[in-house]
Amino acid sequence: MYNDKVMDHFFNPRNVGELENPDGVGQVGNPVCGDTMRITLKIKDNRIEDIKFRTFGCGAAIATSSMVTELVKGLTLEEALEVSNKQVAESLGGLPPQKLHCSNLAAEAVHAAIQDYYKKQGLVVSDDNGSSHDHSTHDHSVDDESSEE
Amino acid sequence: MSSQPNAQRQVYLDHSATTPVRPEVLAAMLPYFAGKFGNASSIHRWGYEAREAINDAREKVASLIGASPSEILFTSGGTEADNLAIRGVAHARRSRGNHLITSQIEHHAVLHTFEVLQKEGFEVTFLPCDKYGLIDPDDVRKAIRKDTILVSIMHGQNEVGTVEPIKEIGEIAREHGALFHSDAVQSAGKIPIDVKELNVDLLTLSSHKIYGPKGVGALYVTKGVRLTPQVTGGAHERRMRAGTENVPGIVGFGEACRLAKAELPEESARLTKLRDKLIEGLLNEIPDVVLNGHPVLRLPHNVNVSVKYLEGESILLNLDRMGVAASSGSACTSGSLEPSHVLLAMGLSHETTHGSLRFSLGMSNTEEDINYVLEILPPIVEKLRAMSPLGPGSVL
Ligand SMILES: Cc1ncc(COP(=O)(O)O)c(C=O)c1O
Ligand code: FES
């Protein structure tokens, strides 16, 4: 089902975990199947110095998470904001059609983490089609469900 | 799927999806492809040979479920048998009533057929189940009405293995003059079935779940019940299912039924032991694992658990790499991206359906297979949980 590159990122994911005292945190939920990705960032001189992810999701979700961390590590924030879902999927050599939506999580989570950083710095949040609002709603629903258990 | 660099064993634990054709079955089928190739409707020797073979198979299938051979119709599988039973009754009895009863946890072959009938104007009640996946006969009693023409409740649930109280449900249907259909694709050959004792009027069987070939099944139709054919054509199968018979397939199915019946008591006890060992091992060796389905009223070959904080596909890919085949009710594995309707009907949270794993045991499985799964799964879960943002100590 998945190509070798996807499998490699799935079985040997890069940058897994959670950074301590992160400069930015982004968490997004996937409205299609309900999966969750969390990104923590360390930012220095406007560049992504370190990045880690945690993902609750399918093989493609984990592989795209891993891929996006590799893609954006070392980039300036502006450059990282340019990285798209499509680019992540392409860097992996493609995904099965029914799994394309999984790649949405990856770039969105990075963008959300950068927006979070901007907000914490008191910088103006760039008007990014208002989707950051959606993200926070998803955050809450995830919160609620996990505390129920 | 992937290559399996780390597999020390090959362990197939997906027998509810399908089973291999066993050698005895294959041997019985082989003469009917080229040598004895006749059309069972023909008058000559070739036709006679095919007819005899089908009659013989019909006896064997009937014998597995306590029916008489004339009550068995061969179909192209469980799906067609479900369709024929449900549409066939609904269309034949429309003048008597417009109400149908089924449950929310049926196989899609049943569920989607009722949904189509609903669009055709039938009124359909989809009964809920409890947290173990059990249908309450009292709910059937409350739902049934004067104009109810058909009740369809499955025997053994294919995902969670719960065995439904169909004898009681059949009795209620009978008291109210409704016909009772049950899908026994997963239970046949695994637990004893006697259609007369179980008060069933129509029963669905499938060959490929009991070591027979794919593309063959049967519908038991009790004497005196007429169905509106869904496949029209020649006068095959008592005019209720047209089409030249799949002779090799039917022969294989018959042999599979004969062997299943002969081996049932022993094999069922053996599988139950392996099943319970696997369930116990999973619950004991992996934290935050819950059993799905009923602990006791359960098919002997079904294990279904949810591994909390994880998604099923990611576990299946890791298992596959280690040579183990299983399945999941996770939205991410479903193609439709909907979680299992069965687990949702049982009241599982979306997240818990995500981490569901089904292991379905069969003939080839041994205690060593179970030990192997119990050895390799805990580290897989640990590795994936370290990657998950969810968890008991989660930062969320
Ligand atoms: C309960 C149940 N009913 C029906 C079917 C469909 O049978 P078949 O694959 O022979 O069409 C299956 C198999 O997936 C099943 O598990
Ligand atoms: S994250 Fe659910 S299908 Fe990929």
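Residues numbered from 1 in each chain as written. Chains lettered and ligands numbered in written order. Predicted model: local features only at pLDDT ≥ 70, side-chain atom pairs only at ≥ 80, totals over all residues. Heavy atoms only, no water.

### Observations concerning the interface of chain B and chain A
Then comes step 1: Listed as interface residues are 28 residues of chain B and, on the opposing side, 32 residues of chain A.
Then comes step 2: Carbon and sulfur atoms make up 64% of the surface buried where chain B meets chain A, a total of about 2,600 Å² over both sides.
Then comes step 3: Counting across the chain B and chain A interface gives 1 salt bridge.
Then comes step 4: Counting every contact that joins chain B to chain A gives 7 residue pairs in polar contact (both at pLDDT 80 or more).
Then comes step 5: Put simply, the parts of the chain that give the side of chain B that touches chain A at least two residues each are α8 (312-321), α10 (350-354) and α11 (367-387) of chain B.
Then comes step 6: Looking at which element gives the most residues to the side of chain B that touches chain A, the answer is α8 of chain B, with 5 residues.
Then comes step 7: Its residues placed into classes, the side of chain B that touches chain A shows 14 nonpolar, 8 polar and 6 charged. (Contact = heavy atoms within 4.5 Å. Buried area = accessible area lost by both parts, 1.4 Å probe. Salt bridge = Lys/Arg side-chain N within 4 Å of Asp/Glu carboxyl O. Polar contact = N/O pair within 3.5 Å; in protein donor to acceptor, adjacent residues only side chain to side chain. Helix = DSSP H or I, 4+ residues; strand = E, 2+ residues; numbered from the N terminus. Nonpolar A, V, L, I, M, F, W, Y, C, P; charged D, E, K, R; others polar.)

### Structural notes on the site of ligand 1
Residue and element names in this part refer to chain B.
Then comes step 1: By nearness alone, 13 residues border ligand 1, and G78, T79, D183, S206 and K209 come closest of all.
Then comes step 2: H107 has a polar side-chain atom sitting 3.2 Å from an oxygen atom of ligand 1.
Then comes step 3: One of the side-chain N or O atoms of Q186 is found 2.8 Å from an oxygen atom in ligand 1.
Then comes step 4: Protein chains shield 85% of the accessible area of ligand 1, which is 400 Å² for the free molecule. (Near = heavy atom within 4 Å. Areas by Shrake-Rupley, 256 points an atom, 1.4 Å probe, with all protein chains shown as cover.)

### Digging into the packing of helix α2 (residues 59-72) of chain A against helix α5 (residues 102-120) of chain A
Residue and element names in this part refer to chain A.
Then comes step 1: Contact geometry of α2 with α5 gives a least axis separation of 8 Å together with a crossing angle of 35°. The two elements α2 and α5 meet at a crossing, and its hand is right-handed. Only C102, S103, A106, A107 and V110 of α5 make contact with α2, whose side of the interface consists of A60, A61, T64, S65, V68 and V72.
Then comes step 2: Split by residue class, the contact of α2 with α5 holds 8 nonpolar, 3 polar and no charged. (Axes fitted to C-alpha atoms, helices over the stretch in contact; angles between N-to-C directions. Left-handed = near helix turned anticlockwise from the far one by under 90°.)

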